[in-house]
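The chain contents come next:
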Amino acid sequence: MKLCRYNDDRLGLVIGSHVHDVTSIQDEIVRASRYAMRGDAVISALGAYRDRMGIMAKGEPGISLSEVRLLSPVARPTKVMAAPVNYKKHIAEMQNRTDIVIKFLPHIGDAGIFLKANSSLVGPSEGIAVRFPERITEHEAEIALIIGKEGSDIPRDRALDHVAGYCLGLDMTVRGSEDRSLRKSMDTYSVLGPWMVTADEISDPDALPFELTVNGELRQKSNTNDLIFDIRKLISWASTFYTLYPGDVLYTGTPEGVGKIKDGDTIHIESGPLGSMDVAVRLHRASAG
Ligand code: MN
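So, here is what we can say about the structure in this document.

Considerations on the sheet that holds strand β9 (residues 137-139)
With antiparallel pairing, the three strands of this open sheet are ordered in space as β12-β9-β17. A strand with exactly one partner marks an edge of an open sheet, and here the two such strands are β12 (173-174) and β17 (259-260).

Structure representation (structure tokens):
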């Protein structure tokens, strides 16, 4: 199943090239949810409601994907986690950079997982608003996953039971000396999309090919089979620090080929099983509101 959020807080299933609206089920889930719940209500209820969603979607006329605004497939994660330095060739390219000052890059086991602000999360149609055009801002193509079931100290062999689904991610980054949580948390700097492909459709998340182009030029091309800490390990390890809740997002790390972006660029990212998305880059406009 391919679940998307679109337009003004609507929920849909993607079938072929169309979105089929199931927003009334989202309304029902939200009405039945406790305000104090931890996690995203819709993702949390997916197991109980997915059959009904499927039936309802088949009865709805589809809207062409080209006519909708795709938002982040999850609205209310309790946290957005991300793995740094998780591809060997990316570590090598960063250590060879001369245009930025790179501190010693430790092994991911020593670097740990970092958090991005939840408010940085957007979908592909919202685009990226460059906040500091005078600084180096770069794309990091990543495979991301969305937690479906609460868990703490999750053993490796149960890790995938806690995944609701997978999607494409952009971990947008300003290079510099500040903490990662600051440099990667500006509004729009965490792109997720184009929709969430539920875990039952992904037979092996450690064999997902993906690639990224900027204005048609290939920049990143890799596969999750090159991850240093694989997906089971990342989930298990993260859950020794935090309880994972439905809707929590985990970016699994970026491969080699990261590079600069600027106002006017179009980033394209794709992975066969997960789909593709175009993300426009513009300048952030200061506002008092
Ligand atoms: Mn990253």
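Now, onward.
Describing the pairing of strand β14 (residues 209-214)
Here β14 pairs with strand β15 (residues 217-223) via six bridges, running antiparallel. The partner of T213 across the bridge, within β15, is L218. A loop of two residues connects β14 with β15, the two strands running antiparallel in sequence, and N215 in this loop sits at a positive phi of about 50 degrees. Bridge analysis of β14 against strand β18 (residues 266-271) gives four bridges, and the strand direction is antiparallel. Counted as the bridge partner of E211 is E270 from β18.

Things to note about the packing of helix α1 (residues 23-31) against helix α3 (residues 46-59)
In contact at an axis separation of 10 Å, α1 and α3 are set at 155 degrees when each is read in the N-to-C sense. Here α1 lies roughly antiparallel to α3, going by the angle between them. Here α1 contributes S24, I25, E28 and I29 to the contact with α3, which in turn contributes Y49, R52, M53 and M56. Of the residues in the contact of α1 with α3, the class split is five nonpolar, one polar and two charged.

What about the coordination of the manganese ion?
With distances of 2.0 to 2.1 Å, the protein atoms coordinating the manganese ion are E140 (OE), E142 (OE) and D171 (OD). Read in sequence order, the donor residues coordinating the manganese ion give the pattern E-x1-E-x28-D. With E140 in the loop between β9 and β10 (141-147) and D171 in strand β11 (residues 163-171), the pair connects residues that are 31 residues apart, well separated along the chain.

Some thoughts on the layout of surface pockets
The volume enclosed by the largest pocket comes to roughly 540 Å³. Contributing to the lining of the largest pocket are 28 residues, with I102, L105, G176, R180 and R183 lying nearest its centre. Elements with a minimum of two residues in the lining of the largest pocket: α4 (88-95) and α6 (180-183). Counted by class, the lining of the largest pocket contains twelve nonpolar, six polar and ten charged residues. Around the second largest pocket, the lining comprises 21 residues; the ones closest to its centre are V30, G39, D40, A41 and R76. By residue number, the principal contributor to the lining of the second largest pocket is helix α2 (residues 41-44), which donates three residues. Residues belonging to the lining of the second largest pocket are distributed by class as follows: eleven nonpolar, four polar and six charged.

Side note on the side chain of D248
Note that D248 resides in the loop between α7 (231-238) and β16 (249-251). For D248, the residues in contact, after removing those within four places along its chain, are P77, T78, K79, M81, L145, I146, I147 and T243.

Digging into the nonpolar core
Generally speaking, soluble globular proteins have nonpolar side chains that are buried together. If you look at the biggest cluster of nonpolar residues, it comprises 59 residues, and the most contacted ones within it are I128, L145, L170, I235, I267 and L274. For this core, the element with the most residues is α7, which contributes five residues. Counting residues in each nonpolar core, the second largest holds 28 residues, with Y49, A82, V249 and Y251 among its members.

A short note on the sheet that holds β15
Through backbone hydrogen bonds, the strands of a sheet pair up, either in parallel or in antiparallel fashion. Here we have five strands laid out as an open sheet, ordered β8-β19-β18-β14-β15, and mixed in their pairing. Where the open sheet ends on each side, the last strands, each with one partner, are β8 (128-130) and β15. The sheet shows a mean angle of 20 degrees between the axes of neighbouring strands, taken without regard to direction. Summarising the sheet, β18 and strand β19 (residues 275-283) pair through six bridges and their orientation is antiparallel. Counted as the bridge partner of I269 is M277 from β19.

Reading guide: rules and limits
- Residues numbered from 1 in each chain as written.
- Predicted model: local features only at pLDDT ≥ 70, side-chain atom pairs only at ≥ 80, totals over all residues.
- Heavy atoms only, no water.
- Pairing = 2+ DSSP bridges.
- Helix = DSSP H or I, 4+ residues; strand = E, 2+ residues; numbered from the N terminus.
- Axes fitted to C-alpha atoms, helices over the stretch in contact; angles between N-to-C directions.
- Parallel < 35°, antiparallel > 145°, perpendicular 65-115°, else oblique.
- Contact = heavy atoms within 4.5 Å.
- Nonpolar A, V, L, I, M, F, W, Y, C, P; charged D, E, K, R; others polar.
- Donors = N, O, S within 2.8 Å, 3.2 Å for Na, K, Ca; no water.
- 1 Å grid on protein atoms, 1.4 Å probe; cavity = no way out; pocket = protein on both sides within 12 Å on 5 of 7 lines; lining within 4 Å.
- Points joined across faces, edges and corners; volume = space filled by probe spheres on them.
- Core = buried A, V, L, I, M, F, W, Y, C linked by side-chain atoms within 4.5 Å.
- Buried < 20%, exposed > 50% of the residue type's maximum accessible area, 1.4 Å probe, protein only.

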